[in-house]
Amino acid sequence: MLKKMMALSGSLLLTVGLLSGCGSGGDSDAAKGKAGGNEELKPVTINMFTASPEYTDAFNAYIEEYKKVKPNVKINLEIMQADYNTILKSKIASGSTPDVFQTTAGGDIDTYADYSADLTNEPLAAAMTDAVRANMSSSDGKVLGLPVKGNLFALIYNKDLLAKAGITSPPKTIAEMQDAVTKLEAKGITPFANAYKEWWVWKHIFQHYVDAAAQDAGVEPKQLVSDFIAGKAKIKDYPVLYNNFFSFIDLTVKHGTDKPLERDSNAEVSDFASGKAAFMTGKGAWDEEAIKKINPDLKIGIMGYPVSDKAEQSVIITGADQALRINKDSEVAKETTEFFNWLYTSEYGKNWFSQVAKVIPPIKDAPLPDLEMPKEMESILKTSKSGDLSVNYSLDTFHQKFGELMQAYISGNMNKDQTVAEIEKAWIQLGSAQ
């Protein structure tokens, strides 16, 4: 999935060439290639191919900083958003796999295992939080990826608009959400901002319902998803999926911003930040800076989706859904691994996540960014657990099809039962690489 991180639309291509240094520069004798040697440092070029344009400046910052550590290392950064998956597969098929490339986590960890360096025993793996390390691990327990960030998935709300409508606490049940919609509209406030033009927002919403359905069935979300992929499960047998999820989508369309299939991620952020809607669906912590650029004074809240009549099932979800991979066959795999070990373990790196990238750090003992959503997440998690990042258990090929089917549903081109049947079929055909 390349969306939870696609905050911008279109395509951005950027190549950053850093100067190659020579002579006695570097942070150790080992960096000179020979203890005590004064000979010219061996030039190294690392080619990175990612799909995260929102982190362009942050990537450039750590590349520039690493130049001070290893002046002989040149890093070419190529960022492409549109058609990233297609182009990555083309690069791999042609034998030109980048030294570093990006994929989604979860099932795609196994999909690209043959091209990924084993990082299990590296310092960067030891630095990861337990939840993030699990998201970066293959089915046989090898750490094959490293995230740019931890993530947070929630229903985002405007605290001032809820207060204006007399809503004293965020709704946790279906009935409370319906009541909130009534109160908001009585004050002339549109309840929901949506980005239903994007295929990836749908999976972010749906995973909350998958977690609740699994809980009701007494199984782990991973097992439930596996059952759907194997064709053993039917959506109709899980009321949270068949009734509650579709009812919530219907609610957001009926009581949301106009022309939902024409609203992309940027439009949704604009709608929410400008006060046109009280809730923002399908998104997460990555949007806070974009919101604040539009409206620095907006008071942001986060909450779980009201997935049922059980308040305890309304929880936020945390984890890492995007992974950088080091090409195991790269001629500079060793130097590339050294680069990311530095980022994950150095003092600069620990602070880079929160102060430069301004993301939730995927590593232990690193400060949180000075942003509202991560801080509220920290507060929430002191008294309640977060939900399972169940999007990771299906491939993005399925999630993209799922989003397209849901778009067809809200456009009226398919009814619910037709949509459900197609989702089940897509889960079997596209959910797993096996």
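The rules we used
- Residues numbered from 1 in each chain as written.
- Predicted model: local features only at pLDDT ≥ 70, side-chain atom pairs only at ≥ 80, totals over all residues.
- Heavy atoms only, no water.
- Buried < 20%, exposed > 50% of the residue type's maximum accessible area, 1.4 Å probe, protein only.
- Helix = DSSP H or I, 4+ residues; strand = E, 2+ residues; numbered from the N terminus.
- Pairing = 2+ DSSP bridges.
- Core = buried A, V, L, I, M, F, W, Y, C linked by side-chain atoms within 4.5 Å.
- Contact = heavy atoms within 4.5 Å.
- Axes fitted to C-alpha atoms, helices over the stretch in contact; angles between N-to-C directions.
- Polar contact = N/O pair within 3.5 Å; in protein donor to acceptor, adjacent residues only side chain to side chain.
- pLDDT = per-residue confidence, 0-100.
- Salt bridge = Lys/Arg side-chain N within 4 Å of Asp/Glu carboxyl O.
- Parallel < 35°, antiparallel > 145°, perpendicular 65-115°, else oblique.
- Left-handed = near helix turned anticlockwise from the far one by under 90°.

(A) Structural view of the pairing of strand β7 (residues 300-303). The alternating pattern of β7 places Ile-300 and Ile-302 and Gly-301 and Met-303 on opposite faces, both of which are buried. Pairing of strand β4 (residues 151-158) with β7 involves four bridges; the strand directions are antiparallel. Across the sheet, residue Tyr-157 finds its bridge partner in β7, namely Gly-301.

(B) Examining the nonpolar core more closely. The biggest cluster of nonpolar side chains holds 108 residues, and the ones touching the most others in it are Tyr-62, Phe-279 and Phe-340. The greatest single-element share of this core, amounting to ten residues, is contributed by helix α8 (residues 200-217). Contact partners of Phe-340, with chain neighbours within four places excluded, come to Met-48, Tyr-62, Val-100, Leu-124, Leu-146, Leu-324 and Ile-326.

(C) Quick peek at the sheet that holds strand β9 (residues 322-326). Taken together, the four strands give an open sheet; going across it, the order is β2-β1-β3-β9, and neighbouring strands pair in mixed fashion. Two strands lie at the open edges of the sheet, namely β2 (73-79) and β9, each paired on one side alone. Looking at each pair of strands side by side, their axes are set apart by 25° on average, direction ignored. Bridging between strand β3 (residues 100-104) and β9 involves five bridges; their strand directions are antiparallel. Each bridged residue has a counterpart across the sheet, and for Thr-103 the counterpart in β9 is Ala-323. Helix-sheet contacts for helix α1 (residues 56-69) involve β1 (44-50) and β2, and the interaxial angle to β2 is about 175°.

(D) Here's a closer look at the side chain of His-255. Among the secondary structure elements, His-255 is positioned in the loop between α10 (239-254) and α11 (265-273). Only 2.7 Å separates the side chain of His-255 from the side chain of Glu-185, close enough to count as a polar contact. Dropping the residues within four chain positions of it, His-255 is found in contact with Val-181, Glu-185, Thr-190, Pro-191 and Phe-192.

(E) Focus on the confidence of the model for the chain. Confidence along the chain averages 89 in pLDDT terms, with 90% of residues attaining 70 or more. Below pLDDT 50 for its whole length, residues 1-39 participates in 112 contacts with residues either more than four positions away or in separate chains.

(F) Summary view of the pattern of salt bridges. What the rule picks out here adds up to 20 salt bridges. Note that Glu-65 is salt-bridged to Lys-68, the shortest N-O span being 3.2 Å. Residue Glu-65 and its partner Lys-68 are located together in helix α1, separated by three residues, close to a single helical turn. Residue class for Glu-65 comes out partly exposed when judged on its relative accessible area of 22%. Residue Asp-329 is joined to Lys-328 by a salt bridge in which the shortest nitrogen-to-oxygen separation is 3.3 Å. Classification of Asp-329 by relative accessible area gives exposed; the value is 56%. The class for Lys-328 is partly exposed, based on a relative accessible area of 40%.

(G) Region of interest: the packing of α10 against helix α16 (residues 396-411). Interhelical geometry of α10 versus α16 gives an angle of 60° and a closest axis separation of 11 Å. With respect to their mutual orientation, α10 and α16 come out oblique. The handedness of the crossing between α10 and α16 is right-handed. Within the contact between the two elements, α10 uses Phe-245, Phe-246, Ile-249, Asp-250 and Val-253 and α16 uses Phe-402, Met-406, Tyr-409 and Ile-410.

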